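Remarks on the overall topology
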Amino acid sequence: MVLSHAASDTDVSHSTFASPYVRTSLPRFKMPGNSIPNEAAYQIMHDELMLDGNSRLNLASFLTTWMEPECDKLIMASINKNYVEKHAYPITTELQNRCVNMIANLFNAPLGETETAVGVGTVGSSEAIMLAGLAFKRKWQNKRKAEGKPFNKPNIVTGANVHEVCWEKFARWLMRTLCVAAILGSTLNGEFEDVKLLNDLLVLKNKETGWDTPIHVDAASGGFIAPFLYPELEWDFRLPLVKSINVSGHKYGLVYEGIGWVVWRTKEDLPEELIFHVNYLGVDQPTFTLNFSKVFHQSLFIDIHLSINVGSSQVIAQYYQLIRLGHEVSRVIEM
Ligand SMILES: Cc1ncc(COP(=O)(O)O)c(C=O)c1O
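Residues numbered from 1 in each chain as written. Predicted model: local features only at pLDDT ≥ 70, side-chain atom pairs only at ≥ 80, totals over all residues. Heavy atoms only, no water.

Looking up the protein chain in an unreviewed UniProt entry gives the name glutamate decarboxylase, with the organism given as Brassica napus. Taken verbatim from the UniProt record of the protein chain, the Sequence similarities (unreviewed entry) comment is "Belongs to the group II decarboxylase family." (UniProt positions renumbered as here; feature names shortened; annotations may be inferred.)

The next subject is the pairing of strand 5 (residues 242-248). For strand 5, the buried fraction is high: 6 of the 7 residues fall into the buried class. Two strands pair when backbone bridges link them, and strand 4 (residues 215-218) and strand 5 are joined in this way by 4 bridges, in the parallel orientation. Note on strand 5: the bridge partner recorded for I215 is V242. Across 5 bridges, strand 5 lies against strand 6 (residues 260-264) in antiparallel orientation. Each bridged residue has a counterpart across the sheet, and for V247 the counterpart in strand 6 is W261. (Buried < 20%, exposed > 50% of the residue type's maximum accessible area, 1.4 Å probe, protein only. Helix = DSSP H or I, 4+ residues; strand = E, 2+ residues; numbered from the N terminus. Pairing = 2+ DSSP bridges.)

The next subject is the sheet that holds strand 3 (residues 179-183). Strands sit in the order 1-6-5-4-3-2 across an open sheet of 6 strands; the sheet is mixed. The two strands at the open ends of the sheet, each matched to only one other strand, are strand 1 (118-122) and strand 2 (156-157). Alignment of strand 1 against strand 6, held across 5 bridges, turns out to be antiparallel. The partner of V118 across the bridge, within strand 6, is W264. Taken strand by strand, helix 7 (residues 195-209) contacts strand 3, strand 4 and strand 5, and its axis lies near 170° from that of strand 4. (Contact = heavy atoms within 4.5 Å. Axes fitted to C-alpha atoms, helices over the stretch in contact; angles between N-to-C directions.)

Taken together, 16 residues are adjacent to the ligand, and S125, S126, D218, S248 and H250 come closest. One of the backbone nitrogen or oxygen atoms of S125 is found 2.7 Å away from an oxygen atom of the ligand. Taken by itself the ligand offers 390 Å² of open surface, and the protein chains cover 90% of this. In terms of residue count, helix 5 (residues 124-146) provides more of the shell around the ligand than any other element does, 4 residues in total. (Near = heavy atom within 4 Å. Polar contact = N/O pair within 3.5 Å; in protein donor to acceptor, adjacent residues only side chain to side chain. Areas by Shrake-Rupley, 256 points an atom, 1.4 Å probe, with all protein chains shown as cover.)

Now for the nonpolar core. Counting 44 residues, the largest nonpolar core has F107, V195, I215, V217, W235 and I245 as the members making the most contacts within it. Per-element accounting of this core gives the leading share, 7 residues, to helix 9 (residues 310-325). If we skip the residues at most four places from it in the chain, I215 touches F136, V180, A182, V195, L198, N199, L202, L241, V242, K243 and S244. (Core = buried A, V, L, I, M, F, W, Y, C linked by side-chain atoms within 4.5 Å.)

Taken residue by residue, the protein chain gives an average pLDDT of 83. The fraction at 70 or more is 81%. At the level of individual helices and strands, the protein chain shows its lowest average pLDDT in strand 9 (residues 294-295), which scores 36, and its highest in strand 5, which scores 97. Confidence drops under a pLDDT of 50 for residues 292-310, and excluding neighbours within four residues, the segment shows 82 contacts in the predicted structure. (pLDDT = per-residue confidence, 0-100.)

Here the focus is the pattern of salt bridges. Inspection of every chain in the model, using the stated rule, returns 9 salt bridges. Taking the shortest distance from any N to any O, the salt bridge between R324 and E68 comes out at 2.7 Å. Residue R324 is found in helix 9, and its partner E68 is found in the loop between helix 2 (38-49) and helix 3 (69-78); the two are separated by 256 residues along the sequence. Accessibility expressed as a relative area gives 44% for R324, which makes it partly exposed. Residue E147 is joined to K143 by a salt bridge in which the shortest nitrogen-to-oxygen separation is 3.4 Å. One continuous salt-bridge network, built from bridges that share partners, spans K143, E147 and K149. (Salt bridge = Lys/Arg side-chain N within 4 Å of Asp/Glu carboxyl O.)

What follows covers the side chain of K251. As for its placement among the helices and strands, K251 is situated in the loop between strand 5 and strand 6. This buried residue, K251, is left without a salt bridge; D218 holds the nearest opposite charge, at 7.0 Å. Within the structure, the side chain of K251 is placed 3.2 Å from the side chain of S248, a separation counted as a polar contact. Excluding residues within four positions of it along the chain, K251 makes contact with S61, F62, L63, T64, A220 and S221. (Lys, Arg positive; Asp, Glu negative; His and termini not counted.)

Right, let's get into a nonpolar patch on the surface. Residues L197, L201 and L204 make up a contiguous nonpolar surface patch of roughly 290 Å² in combined accessible area. By the secondary structure assignment, L197 is in helix 7. For L197, a relative accessible area of 46% gives the class partly exposed. (Patch = residues over 30% accessible without salt bridge, like charges linked within 9 Å, V, L, I, M, F, W, Y side chains within 5 Å.)

This part takes up the side chain of S248. Tracing the sequence through the fold places S248 in strand 5. Note on S248: relative accessible area 0%, which makes it buried.

The first and last C-alpha atoms of helix 7 sit 20 Å apart over 15 residues, in line with the 21 Å expected at 1.5 Å per residue. Next to the buried residues of helix 7 lie strand 3, strand 4 and strand 5. (Expected span 1.5 Å × (residues − 1).)

With that out of the way, let us pick up the packing of aromatic side chains. Scanning the model with the defined rule gives 2 aromatic pairs in all. Judged by centre distance (5.0 Å) and plane angle (70°), the ring pair of F107 and W235 falls under edge-to-face. On the criterion of sequence distance, the pair formed by F107 in the loop between helix 4 (90-106) and strand 1 and W235 in the loop between helix 8 (226-229) and strand 5 is long-range, its members being 128 residues apart. With relative accessibility at 0%, the residue F107 sits in the buried group. When the centroid spacing of 6.0 Å and the interplanar angle of 90° are considered together, the rings of F192 and Y230 count as edge-to-face. A residue pair is termed long-range when its members are at least 10 positions apart, and F192 in the loop between strand 3 and helix 7 and Y230 in the loop between helix 8 and strand 5 qualify at 38 residues. When its relative accessible area of 38% is taken as the criterion, Y230 is described as partly exposed. Stacked on the ring of F151, the Lys or Arg K145 has its end atom at 4.9 Å from the ring centre. (Phe/Tyr/Trp six-rings, centres within 6.5 Å; stacked < 30°, edge-to-face > 60°. Lys NZ or Arg CZ within 6 Å of the ring centre and 35° of its normal.)

Right, dumping it as structure tokens:
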């Protein structure tokens, strides 16, 4: 005898699409009173998300949309690590330090063979630019104070081609600071500004006026391109006035969305007083970033995000790409 089986309303595995969970519209403003089975929650959300664009076809923001399956595995294995607990996750912190060292060396920072670089992983280049700007502002203010000069009207010089959101945000939120911003890879057309020419002209201007104006290079898009395709192009710390550089790990650093880097030429270029000392979980943790982050000078290490756990997996993913592709990445770019 054949027994027919009528699924009950709660038998989600057989009847998600006929279950009560899909019969009413999804809550938008208030949490529902009752829970729903995991399969139903998954299916409903999965289907709604199908209405998003296909990220693999999104070339518009030049962000990374694919990583190797091995790296995906590393990411998933570390997605639940709260990076702020450095004692629990010392290896992640170590990997971040290695990324900072490698990127600073890639940009020709004046470092000894085994000298630790100064830098930090950030949420994209936007946060990186804020931090670099803040360091310039504080250095400028300190110098003006020491000279007995007014320090309330600093200025920032940029081309018309700067990324309008992050540079204008910086100017509006953090007042204005004194530096010249050069763009290595314009958002509009990828064009590199002539940072060397800018440096040379500014050296003359500084000499003529007694100023001490430094340069920040916004290499959000070009920082992981120029060292490989145009190694002879002088745009980085080889130029004496370049004091800090930002680069987007999630663009041509080939990591999924949400990671950037800022590196300083030397530790003197990041004023000590910008670093906050926070006692978290009984441990003193010097921090510097707009998110909760930590900076350790000398054996310097900085890590990111109190509660954005994805930070640790992206650091891991960045380190994966650096050691996986090495300098041979230029072949990938050329293809
Ligand atoms: C020149 C430039 N600077 C800064 C940014 C902001 O970068 P992120 O998206 O990494 O915050 C972009 C992004 O396109 C950019 O092109």
